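Remarks on the overall topology
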Amino acid sequence: MTDPADLRPVTTEEWPAFSRAMLEVFGDEPIGDFTERPPAVAELDRSLGLWADGGRVAATAGLYSRQLTVPGAVVPCAGVTWVTVSPSHRRRGVLTAVMRRQLTELHEQGGEPLAALWASEGSIYGRFGYTPATWRAGVRARTRELGFRPGVDAGTGSVAPTDADTYRAAAARVHEALRRWVPGNFERDERWWSRQLRDPAEHRGGATARRFLLHTADDGEVTGYAAYRVRSAWTDDAAPDGTVVVDEVRARSTPAYAALWRYLLDLDLVRTVEFGYASADEPLRHLLADPRAWNSRTLDGLWLRLVDVGRALAARRYPAPIDMVLEVRDPFCPWNDGRWWLRGHPAGAFCAPTDGDPDLVLDVDALAAAYLGGTSLGTLQAAGRVTEVSPGAVTQAATAFSWPVTPWCPDQF
């Protein structure tokens, strides 16, 4: 078994070896100067590496300092990244040591009460208390079938292409206004916008460079943005059969949102739309005359872990009052294991350890699944992951943990 003490942060001088070891496990080719110097978003003091004989890097991991929107609040969240273990060190407890080191340090140092990641494989992180807290819709549909319902108002504003710099400045303002209302959204400072908009040719999948749109209202204010690519194709009989690959569409009003989508769906020579990171409840579906045309499959999005149950539950808001005791089972983070008295309402919350009798019993990953409001505690009870002790407790808790906005995370890291 690997001792967590064997892990240590990587230095700037060690970054080339560290990054190459990581890319080798992920099966990726180096792009740009990634292997020569750490990217701007890197926090090497929050990285972990395991060095094998001969100075070879056998395991990698890191954390980003992020701000995550949760129901009614914005909460510091540790973004887990760069997690790899060399095949030479599998089944030695290395990944367990990495996860334990990260979570223990966050707890002991009073760091972020939440940790989150994007899982490369769905079977890895559940045993460490992570679980999907947002879901995304992978969409592929024929554009000609995506007509709007009668009466959909696209407004009197305008949609126009723009350059990357203009887009970045305007989109950042719109994103900042919107992200605080959608659980699962992260902040994007200058570093993260640069990362979001990087566009290496190797990642385009045969499509064009990224293209940009802005929606401008009649008063001149930018109220929406979209980023996309086009992948040209032709049928055997020389008919156009291109695809618009959508990266992101955000807007501050329904007319702006509808106008941006109408522009994308009406592109010349395009017959298919692909949108890999749509919300599981993307509003576009509800604008369509034929909702079946929105051909999507549900995929996991952001995986969440409650690092400190008490601080995490006290940080969010609850649309309906809740006053109950939760018995949380968390063998991997024993400081969470026990009973927690939660009192919450729309204006705030309190959560502390208690020896009172529990109203609900659940594992910490079930609590994380419900934390952003996207998975009902009633559904988790039906799956055997929540035990009701006090009659009616599941109904009360499911109502209090719900949220009117579907959680969604468009930012991979």
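For every chain, the first residue of the written sequence is number 1, and numbering continues from 1 along that sequence. It should be noted that, the model being predicted, local features are given only for residues of pLDDT at least 70 and side-chain atom pairs only at 80 or more, the latter also being counted only at that level, while totals for whole chains, interfaces and linings use all residues. Based on all heavy atoms of the structure, the side-chain values leave hydrogens and waters out of the count.

**A closer look at unusual backbone geometry**
- We note that Trp82 has phi near 60 degrees; this positive angle belongs to a residue other than glycine.
- Runs of H or I in DSSP of at least four residues are treated as helices and runs of E of at least two as strands, each being numbered from the N terminus. As for its position among the elements, Trp82 is in strand 3 (residues 73-85).
- Residue class for Trp82 comes out buried when judged on its relative accessible area of 7%.
- Not every positive phi belongs to a glycine, and Ala238 is a case in point at roughly 70 degrees.
- Mapping Ala238 onto the fold places it in the loop between strand 9 (222-231) and strand 10 (242-251).
- Buried, partly exposed and exposed residues are distinguished by accessible area as a fraction of the type maximum, computed with a 1.4 Å probe on protein chains only: under 20%, between the cut-offs, and over 50%, respectively. Its relative accessible area of 56% is what places Ala238 among the exposed residues.

**Here's the deal with the packing of aromatic side chains**
- Stacked, tilted and edge-to-face are the three classes assigned to paired rings of Phe, Tyr and Trp, where Trp is represented by its six-membered ring and a pair needs centres within 6.5 Å; plane angles under 30 degrees give stacked, over 60 edge-to-face, the rest tilted. What the rule picks out here adds up to 18 aromatic pairs.
- Judged by centre distance (5.9 Å) and plane angle (75 degrees), the ring pair of Phe18 and Trp82 falls under edge-to-face. Here the residue Phe18 occupies a position in helix 1 (residues 15-26), and Trp82 occupies one in strand 3, the gap between them amounting to 64 residues.
- We classify Phe18 as buried; its relative accessible area is 0%.
- Taken together, a centroid distance of 5.6 Å and an interplanar angle of 55 degrees make the contact between Trp261 and Phe275 tilted. Here Trp261 is found in helix 5 (residues 254-265), whereas its partner Phe275 is found in strand 11 (residues 270-279), with 14 residues between them in sequence.
- On the accessibility criterion, Trp261 (0% relative accessible area) is buried.
- Relative accessible area serves as the criterion here: at 1%, Phe275 is assigned to the buried category.
- Here the aromatic residues Trp15, Phe18, Phe34, Tyr64, Trp82, Phe186, Trp192 and Phe413 are joined through ring pairs into a cluster of three or more.
- In this analysis the charged atom, NZ for Lys or CZ for Arg, is taken to sit over a ring once it is within 6 Å of the ring centre and within 35 degrees of the ring normal. Against the face of Trp192 rests Arg66, its NZ or CZ located 3.7 Å from the ring centre.
- Against the face of Tyr318 rests Arg316, its NZ or CZ located 4.4 Å from the ring centre.

**Some points on the sheet that holds strand 5 (residues 131-132)**
- Taken in spatial order, the 6 strands of this open sheet run 1-2-3-4-13-5, and their pairing is mixed. Of all the strands in the sheet, the pair left with one neighbour each is strand 1 (48-51) and strand 5.
- In the sheet, strand 3 pairs with strand 4 (residues 114-117) via 3 bridges, with the strands oriented parallel. Note that in strand 4 the partner of Gly79 across the bridge is Ala116. Each pair of strands is called paired provided DSSP finds at least two bridges between the two strands.

**Focus: the pattern of salt bridges**
- Only one rule defines a salt bridge in this text: a Lys or Arg side-chain nitrogen within 4 Å of an Asp or Glu carboxyl oxygen. In the structure shown here, the tally under the stated rule is 26 salt bridges.
- Between Arg188 and Asp411 there is a salt bridge, and its shortest N-O distance comes to 2.6 Å. With Arg188 in the loop between helix 3 (164-179) and helix 4 (190-197) and Asp411 in the segment after helix 9 (393-401), this pair connects stretches of sequence that are 223 residues apart. No difference in accessibility class separates Arg188 from Asp411, as the two residues are buried.
- One salt bridge connects Asp365 with Arg385, and the closest N-O pair in it is separated by 3.3 Å. One end of the pair, Asp365, is in helix 7 (residues 364-371); the other, Arg385, is in the loop between helix 8 (377-382) and strand 18 (386-388), with 20 residues separating them in the sequence.
- Relative accessible area serves as the criterion here: at 19%, Asp365 is assigned to the buried category.
- Judged by relative accessible area, which is 29%, Arg385 ranks as partly exposed.
- Shared partners join several salt bridges into a network, and the residues in it are Arg188, Glu248, Arg250 and Asp411.

**Regarding the sheet that holds strand 7 (residues 158-162)**
- A sheet is described by the order of its strands in space; here 7 strands give the open sequence 7-8-9-10-11-6-12, paired in mixed fashion. The sheet terminates laterally at strand 7 and strand 12 (296-300), the two strands that pair on one side only. Averaged over all pairs of adjacent strands, the angle between strand axes in this sheet comes to 25 degrees, irrespective of strand direction.
- Where strand 6 (residues 135-142) meets strand 12, 5 bridges bridge the pair, whose relative direction is antiparallel. If you follow Arg136 over to strand 12, its bridge partner there is Leu299.
- Lying over the sheet, helix 3 contacts strand 7, strand 8 (211-216), strand 9 and strand 10, oriented at roughly 120 degrees with respect to strand 9.
- Contacts: residue pairs with any heavy atoms within 4.5 Å of one another. Only C-alpha atoms enter the line fits that serve as axes; for helices the fit covers just the stretch in contact. Angles between N-to-C directions range over 0 to 180 degrees. With respect to the sheet, helix 5 is in contact with strand 7, strand 8, strand 9, strand 10 and strand 11, its orientation differing from that of strand 10 by roughly 170 degrees.

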